[in-house]
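The chain contents come next:
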Amino acid sequence: MLLLDEPTNDLDIPTLEGAGRKLAGIPRGLVLVTHDRYMLDRVSTVVLGLDGLGGAERFADYSQWEAGSGRNWPRARAIGRLETQSPSGSANAAKESLTKKKLSYKETRELETIEQRIADAERELQTKHDILLEVGTMSDGARLHAVSLEMEAAQKTIDQLYARWAELEQKLS
């Protein structure tokens, strides 16, 4: 059994690709903890979604988790627990009181759109990665440098979005 926690942090593109190929070929068990959705989809055969509240569920891949209940899973479970613990009020009342107490209107709107913004930023990063791998880009040093800087900026944006998402989710709990 191999256990890896964020193995893709601080790796350059060729090393990332090599690591992905090696990890995909591991014949035994592999536990991979990562925020790298691309790596997760390439390497995993089962995705175990943890809700942060003690619950877990198996998914075929990240896309299935995202499309299903996993998308708002931690928040949905937290609200569900509030419903069962609270003697009065509906799910909407529990959600509204939780949101109103801890998040401003602007933060609530930001939280509602952050997953889509992350997905968009990750698509942009993948597009830049594809450009980086083009023969024309690889043979042009200046272009290669420019695209590498763009990729670095795109990754920084993704990291900032994930950090902000965690911050907003923390305010909810």
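Here the structure is a predicted model, which means the values were calculated and not measured.

### A closer look at the pattern of salt bridges
Then comes step 1: All chains considered together, the criterion is met by 8 salt bridges.
Then comes step 2: Of the charged contacts, one joins K171 and E107 as a salt bridge, the two residues approaching to 2.5 Å between their closest N and O atoms. On the criterion of sequence distance, the pair formed by K171 in helix α8 (residues 141-172) and E107 in helix α6 (residues 105-132) is long-range, its members being 64 residues apart.
Then comes step 3: Among the charged side chains, a salt-bridge network with shared partners connects E107, E110, R164, E167 and K171.

### Quick notes on the nonpolar core
Then comes step 1: Counting 28 residues, the largest nonpolar core has L32, M39, L111, I114, I118, M151 and W165 as the members making the most contacts within it.
Then comes step 2: When residues of this core are traced back to their parent elements, those giving at least two are α1 (13-24), α2 (37-43), α3 (62-67), α6 and α8.
Then comes step 3: Looking at this core, the element that brings in the most residues is α8, giving 9 residues.
Then comes step 4: Dropping the residues within four chain positions of it, L32 is found in contact with L4, P7, M39, L40 and V43.

### So, the pairing of strand β1 (residues 2-5)
Then comes step 1: Sheet topology places β1 next to strand β2 (residues 30-33); 4 bridges connect them, and they run parallel. Residue pairing for β2: D5 is matched across the bridge by V33.
Then comes step 2: After leaving β1, the chain enters α1 and then returns to the sheet as β2, a path that is right-handed.

### Notes on the environment of E169
Then comes step 1: By the element assignment, E169 lies in helix α8.
Then comes step 2: For E169, a relative accessible area of 22% translates into the label partly exposed.
Then comes step 3: Taking the C-alpha atoms as reference points, E169 and L111, 58 residues apart in sequence, are found 8.0 Å from one another.

### Looking at a nonpolar patch on the surface
Then comes step 1: A surface patch of nonpolar side chains, about 420 Å² in accessible area, is lined by M1, L3, V31 and V33.
Then comes step 2: When you line up the elements, V31 lands in strand β2.

### Topic: α1
Then comes step 1: Over its 12 residues, α1 runs 16 Å from end to end, which matches the ideal 16 Å to within 8%, given 1.5 Å per residue.
Then comes step 2: Regarding α1, the residues found buried are I13, L16, G18, G20 and L23.
Then comes step 3: Where the residues of α1 are buried, they touch β1, β2, α2, α6 and α8.

### With respect to the packing of α6 against α8
Then comes step 1: α8 packs onto α6 with a crossing angle of 160° between their chain directions and a minimal axis gap of 9 Å. Between α6 and α8, the crossing angle belongs to the class labelled roughly antiparallel. Judged by the sense of rotation from one axis to the other, the crossing of α6 with α8 is left-handed.
Then comes step 2: Looking at side-chain class alone, the contact of α6 with α8 contains 17 nonpolar, 3 polar and 11 charged residues.

About the criteria used
Residues numbered from 1 in each chain as written. Predicted model: local features only at pLDDT ≥ 70, side-chain atom pairs only at ≥ 80, totals over all residues. Heavy atoms only, no water. Salt bridge = Lys/Arg side-chain N within 4 Å of Asp/Glu carboxyl O. Helix = DSSP H or I, 4+ residues; strand = E, 2+ residues; numbered from the N terminus. Core = buried A, V, L, I, M, F, W, Y, C linked by side-chain atoms within 4.5 Å. Buried < 20%, exposed > 50% of the residue type's maximum accessible area, 1.4 Å probe, protein only. Contact = heavy atoms within 4.5 Å. Pairing = 2+ DSSP bridges. Right-handed = clockwise from strand over helix to strand, strands pointing away. Patch = residues over 30% accessible without salt bridge, like charges linked within 9 Å, V, L, I, M, F, W, Y side chains within 5 Å. Areas by Shrake-Rupley, 256 points an atom, 1.4 Å probe, with all protein chains shown as cover. Expected span 1.5 Å × (residues − 1). Axes fitted to C-alpha atoms, helices over the stretch in contact; angles between N-to-C directions. Parallel < 35°, antiparallel > 145°, perpendicular 65-115°, else oblique. Left-handed = near helix turned anticlockwise from the far one by under 90°. Nonpolar A, V, L, I, M, F, W, Y, C, P; charged D, E, K, R; others polar.

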